[in-house]
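Structure assessment
The chain contents come next:
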Amino acid sequence: MKLKTNVGMVINLDKCIGCHTCSITCKNTWTNRDGTEYMWWNNVETKPGIGYPKRWEDQEHYKGGWENKNGKLELKQGGKLFEYINIFHNPHMPTIDDYYEPWDYDYEKLIKAKPSKYQPVARPKSKLTGEYMEKIEWGPNWEDDLAGSPEYMLKDPNITEDLEKEITLEFERSFFFYLPRLCNHCLNPACVAACPSGAMYKRDEDGIVLVDQDMCRGWRFCISACPYKKVYFNWDTHKAEKCIFCYPRFEAGLPTVCSETCVGRIRYVGIVFYDADKVKEAASAPEGDIYSAMLGLILDPTDKEVQKLAEKEGIRYDWIDAAVRSPIYKLVKEFEVALPLHPEYRTLPMVWYIPPLSPILRVMNSKGYSDIEIFPAIDEMRIPIKYLAKLFTAGNEEPIRKILKKLLAMRMYMRAVQLGKEEEFNDKILEEVGLNRKKAKELHRLLAVAKYEERFVIPTTNKEQFENTFKEQGFTGYDYKPPCDFCKGH
Amino acid sequence: MQEATVQVGITDYLFWVALPYTVLTIFVLGHIYRYATDPMSWTSKSSELLEKKLLRFGSMPFHYGIILVLLGHFIGLIIPKAVHEAFGLSDHVYHIIAVTGGLFAGFLTLLGLIVLTYRRFAVKRVLANSSAGDIVVLVLLLLVVLAGLTATLSNLGGSFDYRDTIAPWLRGILTLRPDPTLMANVPIIFKLHIFLVMLLLAVWPFTRLVHVLSFPIVFLRRSRVIFRRRCGDMA
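Here the structure is a predicted model, which is why all the values come from computation and not from measurement.

Definitions and cut-offs
- Residues numbered from 1 in each chain as written.
- Chains lettered and ligands numbered in written order.
- Predicted model: local features only at pLDDT ≥ 70, side-chain atom pairs only at ≥ 80, totals over all residues.
- Heavy atoms only, no water.
- Helix = DSSP H or I, 4+ residues; strand = E, 2+ residues; numbered from the N terminus.
- Buried < 20%, exposed > 50% of the residue type's maximum accessible area, 1.4 Å probe, protein only.
- Contact = heavy atoms within 4.5 Å.
- Areas by Shrake-Rupley, 256 points an atom, 1.4 Å probe, with all protein chains shown as cover.
- Lys, Arg positive; Asp, Glu negative; His and termini not counted.
- Charge placed at Lys NZ, Arg CZ, Asp CG, Glu CD.
- Pairing = 2+ DSSP bridges.
- Polar contact = N/O pair within 3.5 Å; in protein donor to acceptor, adjacent residues only side chain to side chain.
- Buried area = accessible area lost by both parts, 1.4 Å probe.
- Salt bridge = Lys/Arg side-chain N within 4 Å of Asp/Glu carboxyl O.
- Nonpolar A, V, L, I, M, F, W, Y, C, P; charged D, E, K, R; others polar.
- Axes fitted to C-alpha atoms, helices over the stretch in contact; angles between N-to-C directions.
- Parallel < 35°, antiparallel > 145°, perpendicular 65-115°, else oblique.
- Left-handed = near helix turned anticlockwise from the far one by under 90°.
- pLDDT = per-residue confidence, 0-100.

What chain B contains, in helices and strands, is eight helices and one strand. Helices (α) and strands (β) of chain B occur, in sequence order from the N terminus, as α-α-α-α-α-α-α-α-β. Dimensions along the principal axes, computed over C-alpha positions, put chain B at roughly 65 × 50 × 40 Å. Counting every position in chain B, which comprises 235 residues, the buried fraction comes to 46%. Taking contacts inside chain B between residues at least 6 apart in sequence as the whole, the part at least 24 apart equals 82%. Roughly 12500 Å² of accessible area belongs to chain B as shown, and the carbon and sulfur atoms make up 74% of that amount. Positive and negative side-chain charges of chain B, numbering 21 and 12 respectively, have mean locations separated by a distance of 17 Å.

On to the sheet that holds strand E9 (residues 209-211) of chain A, then. As summarised here, the arrangement of the three strands in space is E9(A)-E8(A)-E1(B), forming an open sheet in which the pairing is mixed. At either end of the open sheet lies a strand with only one pairing partner, and these are E9 of chain A together with strand E1 (227-228) of chain B. Sheet analysis places strand E8 (residues 200-203) of chain A next to E1 of chain B, joined by two bridges and oriented parallel. Pairing of Arg-203 of chain A across the sheet is with Arg-228 of chain B, part of E1 of chain B.

With that out of the way, let us pick up the side chain of His-193 of chain B. Residue and element names in this part refer to chain B. Note that His-193 resides in helix H8 (residues 188-203). Overall, the relative accessible area of 16% leaves His-193 in the buried class. Among the polar contacts made by the side chain of His-193, one reaches the main-chain carbonyl oxygen of Val-144 at a distance of 3.0 Å. Dropping the residues within four chain positions of it, His-193 is found in contact with His-73, Val-144, Ala-147 and Gly-148.

Further remarks concern helix H16 (residues 385-392) of chain A. Residues and elements named next belong to chain A. For H16, the tally of buried residues reaches six of eight residues, placing the bulk of the element in the interior. By the burial criterion, the buried members of H16 are Ile-385, Tyr-387, Leu-388, Ala-389, Leu-391 and Phe-392. As for H16, its buried residues are in contact with strand E2 (43-47), helix H6 (161-164), strand E7 (177-181), strand E13 (339-340), strand E14 (351-354) and helix H17 (397-418). Positive backbone phi, at 55 degrees, marks Ala-394, one or two positions downstream of H16.

With that settled, the discussion passes to the interface of chain B and chain A. On the side of chain A, 70 residues touch chain B, which itself brings 50 residues to the contact. Of all residues in chain B, Leu-49, Arg-228 and Arg-230 of chain B bury the most surface against chain A, accounting for 17% of the area lost on that side. Seen at the junction of chain B and chain A, the total is eight salt bridges. Notably, a salt bridge pairs Glu-83 of chain A with Arg-224 of chain B, separated by 3.9 Å at the nearest N-O pair. Linking chain B with chain A are 39 residue pairs in polar contact (both at pLDDT 80 or more). Every element with two or more residues in the side of chain B that touches chain A is listed here: helix H1 (10-37), helix H2 (53-78), helix H5 (124-128) and E1 of chain B. A per-class count over the side of chain B that touches chain A returns 24 nonpolar, 11 polar and 15 charged.

A few words on the packing of H2 of chain B against helix H4 (residues 91-122) of chain B. All names here are of chain B. Between H2 and H4, the least distance of the axes is 7 Å, while the angle of their chain directions is 150 degrees. Here H4 runs roughly antiparallel to H2, going by the angle between their axes. The two elements H2 and H4 cross, and the hand of that crossing is left-handed. Residue classes in the contact of H2 with H4 are distributed as 18 nonpolar, seven polar and one charged.

On to the confidence of the model for chain B, then. Counting all residues, the mean pLDDT for chain B is 94, and 95% of those residues have values of 70 or more. Confidence scores differ between elements of chain B, with E1 of chain B showing the lowest mean pLDDT of 92 and H8 of chain B the highest of 98.

Attention shifts here to the confidence of the model for chain A. Overall, the prediction assigns chain A a mean pLDDT of 91, with 92% of residues at 70 or greater. Scored below 50 in pLDDT, residues 482-490 of chain A makes 11 contacts in the model with residues more than four places away or belonging to other chains.

Once that is clear, we can look at the pairing of E2 of chain A. Residues and elements named next belong to chain A. The buried fraction of E2 is high, at five of five residues. Here E2 shows a buried face lined by Asn-43, Glu-45 and Lys-47 and a second buried face lined by Val-44 and Thr-46. For E2 and E7, the ladder comprises five bridges, and the chain directions are antiparallel. For Glu-45, the partnering residue across the bridge sits in E7 and is Leu-179.

Residues and elements named next belong to chain A. Pairing is mixed across the open sheet formed by four strands, whose spatial order is E12-E1-E14-E13. Because the sheet does not close on itself, it has two edges, and the strands there are strand E12 (267-275) and E13. Bridge count for E13 against E14 is two bridges, and the pairing is antiparallel. Its bridge partner lying in E14, Leu-339 is registered against Tyr-353.

Let us now look at the side chain of Asn-6 of chain A. Relative to the assigned elements, Asn-6 of chain A resides in strand E1 (residues 3-12). If sequence neighbours within four positions are ignored, Asn-6 of chain A has contacts with His-185, Leu-187, Lys-202, Asp-206, Gly-207, Gly-270, Ile-271, Val-272, Tyr-274 and Met-350 of chain A.

What follows is the structure, given as structure tokens:
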């Protein structure tokens, strides 16, 4: 067994209101430079919908992720030979129009225009060419909240023929929910594997996936290899860029900007220990089993043997403590309420999603819920189980049912508590989903009360282990050797 | 072999001794300087994100063409004629192979270059994001290839054998035994081709062409997922 640490995030879709605060604060922090305007390291999509870039989930088109080719794990886009042959033109690389053409407005005109007969207007100007754009036909979140449906919504790659009849645009039965997306800092990252330059790597101490900007040569295979399309090409520096899990904050024990600023407090950040020796096996599992194989990878940090192993790896006490208190471990492994996005891409993503509940369509009798009978109604929720399964379990509907039942049971119990009817509560409801009163309260506290200190359990990086911090003193934030003036113009 | 009585003037020394060494110095030191001082700028400068369809029909033929061209030049210029003969390659057979292979690869390269040049100027997004260096490189490459093809076409009969003149001159330069007399009777079109190549080599380290040196070789045998351990003073 080879114990390693990886960052993790849980996103509770049940509480996401689609306000895009995470996307905006991320953009303001990291991607408001030339060449990055079109990048949204974090974005929020409406599901069902096309997404960003357009139809990113259509891997028959984009060829992202891994494939199990007769027992051998290989990138879907092709092996090393494929990359050598296509290094001069990557056939699977998206173009800027798959995202959108970035633009700005001619704001100056509003204040500098001379008096005239007509009101001055700020016309859109392309960031790529500097020319005016006559009509903007696509942009970020163009199809937000099902805008433009059915034209766009039905193009969702998850809506296959068998689902089409369940997806309806009839107002009373229609549904949508939000899906915030960022780099998953995968355990088996396809982007890292595809990089010909060796510029992409996972950090040994926390698994954050980064691009070494000095080593990137712009060969572009990471961009097509990432099935989530979360590695972007900076058209100004001609290098790849991606979410860095706000590592300067993370190292200081702070959550990522997207998590920190989430108004719904739906995000959880922490670390998990996993068995690196089993990664290949889990990534090669049959599609429907990948989720459970992923759970199998994650080690129990409260286990004394695991702790001993961690110590042997040189992991300090504060990190082991953070793993024990990790909300990621709790939600993913202990309560089993969080799922990976498209596990069938075989990258073993470490951003997990709690699937959303939705109203039950059947008209209830006047007495309301009749306790245990509520469970069969899971299948009558507005969001079809089948659709959620396509997103989070490669089509395996059982884990989705289990989680929704668990969330529902917790709500029923807490409602009873709130109404002073705890004594009369039928414990069977909790037992059926593997909870008890204590556990249900714990889960409720984590999901609904969601205290800052419980959502974010982040150990500070032990820099003293590998850096001479005394020598660094006085240089914080500045390169030791400033780049010379001659070479800035290339 | 050349007669010892060939007259060489100061111009010959300038063009076929001083210039090549100046260019090689710029080439080597320029790369080192740029790598050391500004690694962030070292990239293939791909514009595939902005335009993809034309790129396929430009970049693919150009790159495969130029690789074949370079291979041909290596066989014809770096490998001595004696080695060709040792392999039983007669002048006539060598010439036929060189001309047909060279023309094929040359025209493939030219075709790619024409598409790439058209793309660079006709696609607004690409043009707007082109640096002066990109244009210079493109024009120089076009001139080099055109001169090279013209030289080949002007010598279809094979009356001029560069393996007795240009090849030993080049090997002389690379082995620090320059001999400008070898270049004295070379047809002007060949000289022009070589001169343009030297110009290209001189600007090379300061343009996108640096990516040639970064062709991924380690990748071939590398493990797929890389972990990087921090290493600082204490490691």
